[in-house]
Amino acid sequence: MANTINQKALDLLQEAALTSSLVKKDERASGVVDEEHMYPTTKAETDRMDDLLNQAQAAVEDPNEETFREKYEQLDAIVDWSYGRYRTWTWGLVIAVLLFAAILFYIRHQQIKKADEYKAVAAQIEAWTPCDTTITWEKCATEGRNYDKRYTTANQWKAYELSIKKYEYERYEKNIKDYAHSADTASTAEAKEKYLKSKQYSIEQAEKYKHDFDSLASLDFEGVQQMALNNALKSASGAKSDSHFFLFNMILLLILIALYIWTGYVYGYDLTRHTTRDKIFGWLRKATFWLAGVFFGTGFLMQLFAPDYIVKNLATGQTRRETDLGGTFWNIVFKLGLMAIGAAIFIFISTFLMFIETVFGLATKIRNLIRNKKTAPTAPVAAE
């Protein structure tokens, strides 16, 4: 560089241009630096560039010289941008996680409702009128179980539970015969071994259900009432625990949103340091929203009602139009299914991306805090 009246100031500007750790070795040797590589990646580098610019400003003889002015303005803009803070969080991820939290809130409400229902069932069981609860294997029916009325009386509940156990026993008994026949006719040793293992499993399950049946069948009214009451209270407690679980996760999601927004205001030098990572996150967000939009949009635009049938009466030759209820039903299933898949992709992948971005954002803030403490000037010690 030819000497000029502003040579000292220009040397300081050149030193500022070489401050960033992004500057390559050949650029330092030649002194010609790509503007993208001038951007600092830490606060310390930004402070150093700013200090050099201030020194250059103080040392300049002619601030209006074109070479100095253009170089100074270029570097000063880089420093200003690097000190600035910029929003990196997106409303798309926030909305997705809020929807997730709303789903958990709804499920929690349903679990609380379920717990209250089982508490009411427990009260109903405690109010049962004593009765004869004798039910033999022969008199136990395996069909016609009334789910809604199973808690009406001790007899109803016992008959319902015994019916399930006998049905399962008979199902496994049938499986035992089927697997035994398959094992006898198997063409390979491997197939025969597989069928024999399935047969043994069915034998164990059949014995289990027969034992459960006999144990329950032997109980009198007090025993039946106590068992039914324990089951109802256990279900109420389980539903209550589930409601706490969903509440806990809903709170975690709200905390995640708050941290995501808090860490989503980033200094320019952090953006420079994490350019590649941020590009990857941006690509993943776009890909997620695109994929979710394809499924949801396809389902939303899908035809709801199937075309009507045209039926012709062979005797009279007349035709009539009939609604394709089956086709419409499957259209609705596919339509809602595609929309549900799209919503699930949008919600769950967005939650994952928010978590990852927040973790990196917190790591950046912690790292900056540690670096700033290390580089902070210490107060001079007073002489004694």
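Not measured: the values here are computed from a predicted model.

Rules and cut-offs
Here, residues in each chain are numbered from 1, in the same order as that chain's written sequence. Since the coordinates come from a predicted model, pLDDT governs what is reported: local features require at least 70, and pairs of side-chain atoms require 80 or more to be given and counted, while whole-chain, interface and lining totals use all residues. Just so you know, side-chain values use all the structure's heavy atoms and leave hydrogens and water out. Comment: axis = line fitted to C-alpha atoms, over the contacting stretch for helices; angle = value between 0 and 180 degrees taken between N-to-C directions. Going along the chain from the N terminus, every DSSP run of H or I of four or more residues is numbered as a helix, and every run of E of two or more is numbered as a strand. Should an angle fall under 35 degrees it is taken as roughly parallel, and over 145 as roughly antiparallel, whereas 65 to 115 is taken as roughly perpendicular and any remaining angle as oblique. Handedness of a helix crossing follows the sense of rotation of the near helix relative to the far helix, less than a right angle counterclockwise being left-handed and clockwise being right-handed. Contacts are residue-level and defined by heavy atoms, with any inter-residue pair within 4.5 Å sufficient. Think of it as three bins: nonpolar holds Ala, Val, Leu, Ile, Met, Phe, Trp, Tyr, Cys and Pro, charged holds Asp, Glu, Lys and Arg, and polar takes everything else, Gly as well. Put simply, a nonpolar core is a bunch of buried Ala, Val, Leu, Ile, Met, Phe, Trp, Tyr and Cys residues held in one set by side-chain atoms that sit within 4.5 Å of each other. Each residue gets one of three labels from its accessible area relative to the maximum for its type: buried under 20%, exposed over 50%, partly exposed in between, using a 1.4 Å probe on protein chains only. A side-chain nitrogen of Lys or Arg and a carboxyl oxygen of Asp or Glu constitute a salt bridge if their distance falls within 4 Å. The residues that make up patches have over 30% relative accessible area and no salt bridge, and they are joined within 9 Å when like-charged or within 5 Å when they are Val, Leu, Ile, Met, Phe, Trp or Tyr. Residue-level accessible areas treat just the shown protein chains as cover; the underlying method is Shrake-Rupley with a 1.4 Å probe. Per residue, pLDDT measures the predictor's confidence, with a range of 0 to 100.

A. Seen up close, the packing of helix 4 (residues 43-59) against helix 5 (residues 66-83). Closest axis-to-axis distance for the helix 4/helix 5 pair is 10 Å, and the angle between their directions is 150°. In terms of orientation, helix 4 lies roughly antiparallel with respect to helix 5. As helix 4 packs across helix 5, the resulting crossing turns out to be left-handed. Facing helix 4, whose interface residues are Thr46, Asp47, Met49, Asp50, Leu53, Ala56 and Gln57, helix 5 presents Phe68, Tyr72, Leu75, Asp76, Ile78, Val79, Ser82 and Tyr83. Along the lines of polarity and charge, the residues of the contact of helix 4 with helix 5 split into nine nonpolar, three polar and three charged.

B. The arrangement of the nonpolar core in detail. Leu13, Met38, Leu53, Ala56, Phe68 and Leu75 are the most contacted members of the largest nonpolar core, which has 21 residues in total. Taken together, the elements giving at least two residues each to this core come down to helix 1 (7-17), helix 4 and helix 5. In terms of residue count, helix 1 provides more of this core than any other element does, six residues in total. With sequence-adjacent residues up to four places away left out, Leu53 is seen in contact with Leu13, Ala16, Tyr72, Leu75, Asp76 and Val79. Counting 20 residues, the second largest nonpolar core, distinct from the first, contains Val94, Ile257, Ala292 and Met354.

C. Spotlight on the pattern of salt bridges. Applying the stated rule across the entire model yields 11 salt bridges. Put simply, Glu15 and Arg48 hold a salt bridge, and the shortest N to O gap is 2.5 Å. Here Arg48 lies in helix 4 and Glu15 lies in helix 1, a separation of 33 residues in the sequence. Overall, the relative accessible area of 35% leaves Glu15 in the partly exposed class. For Arg285, the salt bridge identified is with Glu357, shortest N-O distance 2.5 Å. One end of the pair, Arg285, is in helix 11 (residues 275-301); the other, Glu357, is in helix 12 (residues 325-375), and 72 residues separate them in sequence. Look at the salt bridges and you will find they share partners, linking Glu15, Arg48 and Asp51 into a network.

D. Here's a closer look at a nonpolar patch on the surface. On the surface, Phe248, Ile251, Leu252 and Ile255 cluster together to form a nonpolar patch covering roughly 360 Å² of accessible area. Mapping Ile255 onto the fold places it in helix 9 (residues 221-262).

E. Structural detail: the confidence of the model for the protein chain. Of the residues in the protein chain, 88% have a pLDDT of 70 or more, and the chain-wide mean is 87. Contacts of residues 379-384 to residues separated by more than four positions or lying in other chains number zero contacts, the stretch itself having pLDDT below 50.

F. Spotlight on helix 1. Of all the 11 residues making up helix 1, eight are buried; the element is thus mostly covered by neighbouring parts of the structure. Here helix 1 has its buried residues at Gln7, Ala9, Leu10, Leu12, Leu13, Gln14, Ala16 and Ala17. Where the residues of helix 1 are buried, they touch helix 3 (35-38), helix 4 and helix 5.

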